[in-house]
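# Working through the structure, step by step
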Amino acid sequence: MDFDLPGLLAAHRGDGYDLYGRYLNPQQPRVLHAIGFDKVYQRAEGAYLYDSDGGQYADFLAGFGVFAAGRNHPVIRQALHDALDAQLADWTQFDCGPLPGLLAEKLLAKAPGLERVFFCNSGTEAVESALKFARYATGRGRVVYCDHAFHGLTTGSLSVNGSADFRRGFDPLLPDTAIPLGDLDALEAELRRGDVAALIIEPIQGKGVHMPPDGFLTAAASLLHKHGALLICDEVQCGFGRSGKFFAYQHEQVVPDIVTVAKALSGGYVPVGAMLAKGWIFDKVYSSMDRLMVHSTTFKGGVLAMTAGLAALAVLDEEGLTENAARTGEALRTGLESLAQRYDVLADVRGRGLMIGLEFGRPSSLRARARWSALRTAREGLFAQMIVVALFQRHRILTQVSGDHMEVIKLIPPLMIGEEEVKLFTEAFGEVLEDASKGGGLIWEFGRTLVKQAVRS
Ligand SMILES: Cc1ncc(COP(=O)(O)O)c(C=O)c1O
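A short tour of the structure in this document, coming up. (Residues numbered from 1 in each chain as written. Predicted model: local features only at pLDDT ≥ 70, side-chain atom pairs only at ≥ 80, totals over all residues. Heavy atoms only, no water.)

### Quick notes on the site of the ligand
Inspection of the region around the ligand gives Ser122, Gly123, Thr124, Phe150, His151, Gly152, Glu202, Asp234, Val236, Gln237 and Lys263 as its neighbouring residues. Residue Gln237 places a side-chain N or O atom 2.9 Å away from an oxygen atom belonging to the ligand. Expressed as a share of its isolated accessible area of 390 Å², the protein-covered part of the ligand is 79%. For the shell around the ligand, the class distribution of residues is two nonpolar, six polar and three charged. (Near = heavy atom within 4 Å. Polar contact = N/O pair within 3.5 Å; in protein donor to acceptor, adjacent residues only side chain to side chain. Areas by Shrake-Rupley, 256 points an atom, 1.4 Å probe, with all protein chains shown as cover. Nonpolar A, V, L, I, M, F, W, Y, C, P; charged D, E, K, R; others polar.)

### Description of helix α5 (residues 74–85)
Quick reminder: α-helices carry 3.6 residues per turn. Residues three or four places apart thus point the same way. Taking 1.5 Å per residue, twelve residues should reach 16 Å; α5 reaches 16 Å between its end C-alpha atoms and fits that length. Along α5, the residues that are buried comprise Ile76, Ala79, Leu80 and Ala83. Down the axis of α5, the smallest arc covering the buried residues is 95 degrees, so these residues share one side. Within α5, the exposed residues directed more than 90 degrees away from the buried face are Pro74 and Asp85. Of the surrounding secondary structure, the elements contacted by the buried residues of α5 are α13 (303–318). (Helix = DSSP H or I, 4+ residues; strand = E, 2+ residues; numbered from the N terminus. Expected span 1.5 Å × (residues − 1). Buried < 20%, exposed > 50% of the residue type's maximum accessible area, 1.4 Å probe, protein only. Arc of directions from axis to C-beta. Contact = heavy atoms within 4.5 Å.)

### Overview of the sheet that holds strand β5 (residues 142–146)
With mixed pairing, seven strands are arranged side by side in an open sheet as β4-β10-β9-β8-β7-β5-β6. Of all the strands in the sheet, just β4 (116–120) and β6 (177–179) have a single pairing partner and so form its edges. Shown here is a sheet whose adjacent strand axes are inclined to one another by a mean of 20 degrees, direction ignored. Two elements, β5 and β6, share three bridges in a ladder whose sense is parallel. Bridge pairing in β6 links Tyr145 to Ala178. Sheet strands in contact with helix α6 (residues 98–109) are β4 and β10 (273–277), and its direction is about 120 degrees off that of β4. Here helix α11 (residues 216–226) sits on the sheet in contact with β7 (196–201) and β8 (230–234), set at roughly 170 degrees to β7. (Pairing = 2+ DSSP bridges. Axes fitted to C-alpha atoms, helices over the stretch in contact; angles between N-to-C directions.)

### Notes on the environment of Cys238
The residue Cys238 is located in the loop between β8 and β9 (258–261) in this model. Judged by relative accessible area, which is 1%, Cys238 ranks as buried. Each C-alpha atom of the pair Cys238 and Gln205 lies 7.9 Å from the other, and the pair is 33 residues apart in sequence.

### With respect to the nonpolar core
Residues Leu199, Leu276, Leu336, Leu358, Phe360, Phe425 and Phe429 are the most contacted members of the largest nonpolar core, which totals 114 residues. Aside from chain neighbours lying at most four places away, what touches Phe425 is Phe60, Leu332, Leu336, Leu358, Leu391, Ile397, Thr399 and Leu411. Core analysis: the next-biggest nonpolar cluster, separate from the first, contains 23 residues, Ala130, Phe133, Ala197 and Phe282 among them. (Core = buried A, V, L, I, M, F, W, Y, C linked by side-chain atoms within 4.5 Å.)

### What about the pairing of β8?
A regular strand places its side chains on the two faces of the sheet in alternate fashion. Most of β8 sits inside the fold, with five of its five residues counted as buried. Taking every second residue as pointing to the same face, both faces of β8 are buried, with Leu230, Ile232 and Asp234 on one and Leu231 and Cys233 on the other. Pairing between β7 and β8: four bridges, direction parallel. If you follow Ile201 over to β8, its bridge partner there is Cys233. Crossover β7 to β8 through α11 is right-handed. One ladder, built from three bridges, connects β8 with β9; its direction is parallel. (Right-handed = clockwise from strand over helix to strand, strands pointing away.)

In structure tokens:
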């Protein structure tokens, strides 16, 4: 029997939006058509995507942070070809192949103080694992999380999601409790009740790119430990070199009890997640032979996922991508900060390494202010969406609004970008800001389109 993938793709080039609308989530093509993001991409390499007309797009989104090494990295691709060609005995379920152990060893070498790894298939599954392990190890049922937190959308992860929009209608969730990001007093008040298993926190929040104050993680860890609770750092997005350190919590001298990773561990090819933890936590959960499968998943430690993870780590180290994220991130932030000096509509530039948040505020010019207010009245976050649309339509740069109802754009490009991309982005963004702060030009056309769309839906 023949299965002809190239033929299938050639026969259905451009059919994706129709098929998606018919058989998957129809809101996806609807939204993409509305904002003019409905391209047909043909190929991708490094930090760029190419559409069917040969147009080149700079990717400052990296598949929500998946493509740390850039897209279609030749070393990772070759490793996966090799793994396929070796025809290994995957998922026998009753053996111990070397690849999971080797990848665990490499990951733990990046996280001194942690001793064990559980592999799974996604970020939310790594978080689910962390929540279960924390509850079991402490014998307590409640987890504290931060306002605006995002840890995934399965039911356990949703219970520690700091956004009402995601939670609404999915009750009852687990009995978890939100505190303001960085609020030690609020954490202590919860801990005093004696039923808290853990605090789960993103060292850099994906939503809005907010960070707790310096020293918070260290202080929180000692408070948590004093009360017999654990610190879980969710590094699914900010980990793997993105912040300029391998793990973002490593900007402080702290050892969390549990760390979750996913996204970039995939090498941009094979979905995979991992939970790293202290040895005693694993010893409690897997305390005897009959508890071997008490937490498990069919696809854990698959050959392709482990290969992708090992190759992604090798590339990260060999190409110095963590250091590059620190260096290039600094250059990008410096450029953006000088734009913030020039344009008051750019109210804040924040983040670490190549995880950058750009927050907009009310501009001072009368004309621009009137339009800002009109957009805000229609929907909070529309101004930022308009900037995203202008960056894409005018400059072919892919970015995203950093969460619903927020005037914040998030930049999470591949970690291998350099001076060229810094220049490309700052120049393009400068032009868009110039336009926005004058209150005229093309981006207001998009603004009007989006207002109409928002009013209609
Ligand atoms: C910090 C964080 N945790 C968990 C998740 C969930 O990961 P996944 O989408 O792979 O389930 C995400 C996804 O964006 C994330 O940013």
